[in-house]
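# Topology and contacts: notes
Next come the chains, spelled out residue by residue.
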Amino acid sequence: MRIMNLKKSLSKVRSDIHQMTRISELIEYVNPLVLEKIAFILLLIWLCLPIYILAYSWKIPLQDPQDQYFTKMMVMSTWYSVLQQIGFLGFLLGLFVFVQNLFKTRQMGLSLRHYIGSRKLPLFLMLLLIWSIFSTIFSTNPALSFTGTGYRKDGLTSYFAYCGLFVLGSLVHNRRYIKILLTAFAGVSATLMLPFTANWVSEITWMPAFQNPSIFMQFNHLGYYLCLATMAFYILYLSEVRSRWYPLLWLTGFALATASLVLNTAIGPIVAVIGGLMLGNLFYYFLYRQQHNQQIVKRIVIVAGTFILISVLVNLSIGFLGQDISQLSTDLSNIASGSERASSAGSGRWLLWQNGVRFAMEKPLWGYGPDNLGSRYAVSTAAFSDRPHNELIQFAASLGIPAMLFYLAGLAAHLQSFIVQRKKVDEFTIGLFALIGAYLISSLFGNTMFYTSPYFFLFLGISYAIMKTYDTQYPLVQ
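Residues numbered from 1 in each chain as written. Predicted model: local features only at pLDDT ≥ 70, side-chain atom pairs only at ≥ 80, totals over all residues. Heavy atoms only, no water.

### As for the overall build of the chain
Each helix and strand counted, the chain has 20 helices and zero strands in total. When the 478 residues of the chain are sorted by exposure, 53% land in the buried category. Considering only contacts in the chain between residues 6 or more positions apart, those separated by 24 or more positions represent 79%. (Helix = DSSP H or I, 4+ residues; strand = E, 2+ residues; numbered from the N terminus. Buried < 20%, exposed > 50% of the residue type's maximum accessible area, 1.4 Å probe, protein only. Contact = heavy atoms within 4.5 Å.)

Quick look at the structure:
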């Protein structure tokens, strides 16, 4: 029966296409629900990819660390290849949807100027991408800026892929699809975290793929991923209403993610999750206290208590948080007093930030080009890194100050839409904004990477899609 229905559907499509005389008719004919399903499938593939990477990494044998590093780089090339394919498909899909919406806007009698103006987040991100193209052209090493370094793979081509992931996320409006995507991300992250945390038990010996930094190249990169994974479990726990067992499952996942986060020992992502939880919990509390939703109030207390309890228990076994907090206090004191030791503050980040700001002032318009700060840092006093370990400074120094302003303007516009619609949003939407906030805090201490940044732009796109469902001026016109 299904085969017969499929044949009838294909026959009807073929007949409809034969009757078309203009390209515009073909563009308008494509059902947005079909495009949404395509976007959903592509995003699901990306979110599940770490499972394949983990299985592929299992083949890396115990060997010389240098050989192991280069073998792992080969594994990363697989990750990068999938990013390019999915990202570029998303970018092309975005161009198609944009043209389709131009026709829809005209049919609905809407002003194109107001239509574009009401989509400030994608508008500013597109301006950022266009600016990056010119930054690449005027780079001191255009070829490197186009492809990125062999390690980071964070050149202009990756920027187009990030854009594609954002587009794919922005096409998914169906709440069921969004819930599946977030559940898939949380579930996949758990398969990475379980062997990672178990590896700390001295009696258990794992393959290198399960050791710190898991399938990533550096423990900070794992920290960026764990930051988002922790917040994903947080969203699922706070928004779960189906049964009493699912919240327990998500809370257990949240506890596992918290333990992994602390065991990873990257302080930036830990601070970011604390900030994200504070932002989310405060908004949950003030909004739902007025609605007398005691279940939400109870859950934010439980999730906060779980984070504190797990952090303390794990820290008792490894004892790093106390040392890092003490060191942070010392670093802040050295910076405030202008001490010579301030250059080593934040594991050397303070000096990296200072140099990054100086580099941005040297080329304020176009910057040095994407992924092209390595040679400039090499001749400075911060030769141990090729990045400022602060994404805002990175954008300013690499792409130019206007690019950084475009990025901030887009995020500010997105936050404004959330504030304006705050009385309409649900638990899931609040959690997504807390996740975005956590990543942004983490980004102040980290770098963009081809296998971590796409997750942020993916969830940013999803949050944008959700906010557009609250838009009464231009409903369902993407």
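Once the structure has been displayed, the description carries forward.
### A look at the packing of helix α3 (residues 32-57) against helix α8 (residues 156-170)
Contact geometry of α3 with α8 gives a least axis separation of 8 Å together with a crossing angle of 125°. Classed by the angle they form, the pair α3 and α8 counts as oblique. As for the relative orientation of α3 and α8, their crossing is left-handed in sense. Residues A39, L42, L43 and W46 of α3 form the contact with α8, whose own contacting residues are L165, L168 and G169. (Axes fitted to C-alpha atoms, helices over the stretch in contact; angles between N-to-C directions. Parallel < 35°, antiparallel > 145°, perpendicular 65-115°, else oblique. Left-handed = near helix turned anticlockwise from the far one by under 90°.)

### Describing the environment of R422
For R422, the position within the fold is in the loop between α18 (401-420) and α19 (427-443). For R422 and L287, which are 135 residues apart along the polypeptide, the C-alpha to C-alpha distance reads 8.7 Å. Setting aside residues no more than four positions away along its own chain, R422 makes contact with F283 and L287. A distance of 2.7 Å separates a polar atom in the side chain of R422 from the backbone oxygen of I419. (Polar contact = N/O pair within 3.5 Å; in protein donor to acceptor, adjacent residues only side chain to side chain.)

### Here's the deal with the side chain of N390
The residue N390 is located in the loop between α16 (374-378) and α17 (391-399) in this model. Other than its neighbours up to four places away in sequence, N390 contacts W353, S443, L444, G446 and N447.

### Details of the side chain of D154
Assignment of secondary structure puts D154 in the loop between α7 (142-147) and α8. Polar contacts involving the side chain of D154 include one to the side chain of R387, which spans 2.9 Å. Beyond its immediate chain neighbours, meaning those up to four positions away, D154 contacts T147, G148, Y159, Y162, P370, D371, R387, Q394 and T448.

### Some remarks on the packing of aromatic side chains
Inspection of every chain in the model, using the stated rule, returns 34 aromatic pairs. Taken together, a centroid distance of 5.6 Å and an interplanar angle of 85° make the contact between Y80 and F450 edge-to-face. Taken as a pair, Y80 in helix α4 (residues 65-107) and F450 in the loop between α19 and α20 (453-469) lie far apart in primary sequence, 370 residues in all. The residues Y80 and F450 share a single accessibility class, namely buried. Considering the side-chain rings of F254 and F307, the 6.4 Å spacing of their centres and the 45° angle between planes classify their relative orientation as tilted. Here the residue F254 occupies a position in helix α11 (residues 245-264), and F307 occupies one in helix α13 (residues 294-318), the gap between them amounting to 53 residues. (Phe/Tyr/Trp six-rings, centres within 6.5 Å; stacked < 30°, edge-to-face > 60°.)

### Describing the packing of α11 against α13
The contact between α11 and α13 brings their axes to 9 Å, and the two run at 35°. α13 is crossed by α11, and the crossing has right-handed handedness. Facing α11, whose interface residues are P247, L251, F254, A255, T258, A259, L261, V262 and L263, α13 presents R299, I302, V303, T306, F307, I310, S311, V314, N315 and I318.

### A short note on the environment of V312
One can find V312 in helix α13. A relative accessible area of 44% means that V312 is categorised as partly exposed. Sequence separation between V312 and A259 is 53 residues; the distance between their C-alpha atoms is 9.6 Å.

### Comments concerning a nonpolar patch on the surface
On the surface, L123, M126, L127, I130, F134, I137 and F138 cluster together to form a nonpolar patch covering roughly 570 Å² of accessible area. Residue placement: L127 occurs in helix α6 (residues 120-137). For L127, a relative accessible area of 32% gives the class partly exposed. (Patch = residues over 30% accessible without salt bridge, like charges linked within 9 Å, V, L, I, M, F, W, Y side chains within 5 Å. Areas by Shrake-Rupley, 256 points an atom, 1.4 Å probe, with all protein chains shown as cover. Salt bridge = Lys/Arg side-chain N within 4 Å of Asp/Glu carboxyl O.)

### Considerations on the confidence of the model for the chain
Averaged over all residues, the pLDDT of the chain equals 84, while 80% of them reach at least 70. Taken element by element, the chain is modelled with least confidence in helix α1 (residues 2-18), mean pLDDT 55, and with most confidence in α8, mean pLDDT 97. (pLDDT = per-residue confidence, 0-100.)

### Topic: the pattern of salt bridges
Under the criterion given, the structure shown has seven salt bridges. The partner of K179 in a salt bridge is E240, and the shortest N-O contact between them spans 3.6 Å. Here K179 is found in helix α9 (residues 175-198), whereas its partner E240 is found in the loop between α10 (219-239) and α11, with 61 residues between them in sequence. In this structure, the salt-bridge partner of D371 is R387, at a minimum N-O distance of 3.0 Å.

### Examining the nonpolar core
W46, W79, F185, Y234, F450 and L460 are the most contacted members of the largest nonpolar core, which has 129 residues in total. Residues in contact with Y234, not counting those within four places in the same chain, are F254, L277, G280, N281, Y284, V303 and A434. (Core = buried A, V, L, I, M, F, W, Y, C linked by side-chain atoms within 4.5 Å.)

### Remarks on α3
With 26 residues, α3 extends 38 Å between its outermost C-alpha atoms, agreeing within 8% with the 38 Å of an ideal straight helix rising 1.5 Å per residue. Of all the bends in α3, the greatest reaches close to 40° and is centred on C48; the proline P50 follows between one and four positions later. The opening residue of α3 is N31, an N-cap whose side-chain oxygen sits 2.9 Å from the backbone nitrogen of L33. (Expected span 1.5 Å × (residues − 1). Bend = angle between axes of the 7 residues up to and from the residue.)

### A word on unusual backbone geometry
Of note, the phi angle at S214 is positive, near 60°, even though the residue is not glycine. With respect to the helices, strands and loops of the structure, S214 is situated in the loop between α9 and α10. Not every positive phi belongs to a glycine, and T265 is a case in point at roughly 70°. With respect to the secondary-structure elements, T265 resides in the loop between α11 and α12 (267-290). Overall, T265 belongs to the partly exposed group, its relative accessible area being 27%.

### Overview of α6
In a regular helix each residue adds 1.5 Å, so 18 residues correspond to 26 Å; α6 covers 26 Å between its end C-alpha atoms and thus fits that length. Turning to α6, its buried residues are L121, L125, L128, L129, W131, S132, S135 and T136. Across the axial projection of α6, the buried residues extend over an arc of 165°, all falling on one side. (Arc of directions from axis to C-beta.)

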